[in-house]
Amino acid sequence: MDYKSSGVDIEAGYKSVELMKKYVKETVRPEVLGGLGGFSGAFSLDKIKDMDEPVLVSGTDGVGTKIKLAFLLDKHDTIGIDCVAMCVNDIACAGGEPLFFLDYIACGKNYPEKIAEIVKGVAEGCKQSDCALIGGETAEHPGLMPEEEYDLAGFSVGVVDKKDIITGENLKAGDVLVGMASTGVHSNGFSLVRKVFEKELTPDGLRAPVEELDGKSLGEVLLAPTRIYVKALKAIKDAGIKVKAASHITGGGFYENVPRMLIDGKRAVIEKSSYPVPAIFGLIQKKGDIEERIMYNTFNMGIGMVLAIDRNEVTGAMKAIRSAGDTPYIIGEIADGEKDVELI
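Undergrad: Hey, could you run me through helix 10 (residues 279-288) in this one?
TA: Since one α-helical turn is 3.6 residues long, residues separated by three or four positions face the same way. Taken residue by residue, helix 10 has I280, F281, L283 and I284 as its buried positions. Viewed end-on, helix 10 has its buried residues packed into an arc of 160 degrees, placing them on one side of the element. On its buried side, helix 10 packs onto helix 5 (190-196), helix 7 (218-222) and helix 11 (292-296).

Now the structure itself:
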């Protein structure tokens with residue numbers, strides 16, 4: 001008897017590492033020390049010596065049950081982008097620059113080509129956020145997980161000068177709320193999504209064109225990778241514009257996440273008609289017979305990031321966001337009152 005006969009294939013693990021090396025190499029920053037395969041990832045902090053008071057910020061997350069769709073469609077090259085996005089967008093909310101990322105893949109059986117496809121997506125997410133993929137772990141779990149399934153989680157570390165941390169402390173009534181368009185459902189609410197589309201959750205059902213989605217398939221729309229907003233936040237900063245507060249619209253939608261960017265005595269007022277809501281949300285609401293408040297309390301509804309900007313700097317901020325390839329909308333403003341969000 002050996003390890004392979006018990007369900008763990010060490011040789012497959014070696015092959016996975018070899019296949020993913022080319023993707024990892026594409027994410028290397030000058031600060032990365034050493035190569036893939038060591039016991040730890042090394043990253044030089046020499047660059048941050050130029051900051052007055054460098055502060056490390058971190059984020060960790062997974063992609064939830066969205067991963068079930070990747071299984072059904074046997075498509076694994078974008079789910080890694082979601083994992084990176086969920087971590088680095090949180091870092092960007094604090095004004096931080098993501099420095100490096102590590103992933104963790106737990107699988108029932110190590111299929112090297114599949115693992116490499118997953119890491120290809122992780123590397124793409126890292127490239128989109130100028131973040132180095134410096135390490136990770138692939139763990140084979142025979143008997144704990146079905147052979148065809150896996151789970152994916154990640155962890156990222158970034159840095160920000162203390163004076164540039166986005167805290168919301170200077171929010172005032174009249175500050176403008178700028179929303180940045182999402183690419184769709186992103187990586188939250190998929191337990192409800194899968195319940196709504198229970199009958200369609202087959203490979204054929206997910207690949208069929210849907211009229212309400214302009215002929216796109218349900219699988220294509222639902223698997224669209226989470227938008228990464230790191231470059232947009234950096235473009236605003238480089239333009240000399242201060243983001244007063246920021247909220248990454250993830251699980252809990254508007255009602256849970258927007259208040260997290262506020263301070264006591266300030267409330268957010270958002271106009272639902274101020275931007276186009278992607279068709280997928282209307283389809284989910286109609287097919288699931290879901291109340292509107294629940295929709296806004298579960299999904300991003302087309303806005304993946306909300307920023308509070310001084311009214312005099314909104315035009316410049318919108319220009320900077322567009323220069324980074326994102327689409328901004330003026331969706332509301334800050335008002336005096338109890339810390340909360342009101343959707344009108």
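Undergrad: How should I be thinking about helix 4 (residues 112-128) in this particular structure?
TA: Helix length check: helix 4, at 17 residues, gives a terminal C-alpha distance of 24 Å against a target of 24 Å (1.5 Å per residue), a fit within 8%. Restricting attention to buried positions, one finds in helix 4 the residues P112, K114, I115, A116, I118, V119, G121, V122, A123, G125 and C126. Phi turns positive, to about 55 degrees, at D130, one or two residues after helix 4.

Undergrad: Is there a simple way to think about the side chain of K114 in this case?
TA: Among the secondary structure elements, K114 is positioned in helix 4. Not counting residues within four places of it along the chain, the set of residues in contact with K114 comprises H76, E148 and Y150.

Undergrad: What is the right way to look at the packing of aromatic side chains in this model?
TA: Two numbers describe a pair of aromatic rings. These are the distance of the centres and the angle of the planes. Tallied over the full model, the rule gives five aromatic pairs. With a centroid separation of 5.0 Å and an interplanar angle of 75 degrees, the aromatic rings of F71 and Y150 are classed as edge-to-face. Placement of F71 in helix 2 (residues 67-73) and of Y150 in strand 6 (residues 150-161) is noted, with a sequence separation of 79 residues between them. By relative accessible area, Y150 is classed as buried at 3%.

Undergrad: When you look at the sheet that holds strand 12 (residues 341-343) in this model, what are you seeing that I'm missing?
TA: Backbone-to-backbone hydrogen bonds join strands into a sheet, with any given pair of strands oriented parallel or antiparallel. Pairing in this open sheet of six strands is mixed, and the strands run 8-10-7-11-9-12 from one edge to the other. Bordering the open sheet on either side are strand 8 (243-248) and strand 12, each of which pairs with just one other strand. Pairs of neighbouring strands in the sheet enclose a mean axial angle of 25 degrees, with direction left out of account. Pairing between strand 7 (residues 176-181) and strand 11 (residues 328-336): five bridges, direction antiparallel. Across the sheet, residue V178 finds its bridge partner in strand 11, namely I330.

What counts and how
- Residues numbered from 1 in each chain as written.
- Predicted model: local features only at pLDDT ≥ 70, side-chain atom pairs only at ≥ 80, totals over all residues.
- Heavy atoms only, no water.
- Buried < 20%, exposed > 50% of the residue type's maximum accessible area, 1.4 Å probe, protein only.
- Helix = DSSP H or I, 4+ residues; strand = E, 2+ residues; numbered from the N terminus.
- Arc of directions from axis to C-beta.
- Contact = heavy atoms within 4.5 Å.
- Expected span 1.5 Å × (residues − 1).
- Phe/Tyr/Trp six-rings, centres within 6.5 Å; stacked < 30°, edge-to-face > 60°.
- Pairing = 2+ DSSP bridges.
- Axes fitted to C-alpha atoms, helices over the stretch in contact; angles between N-to-C directions.

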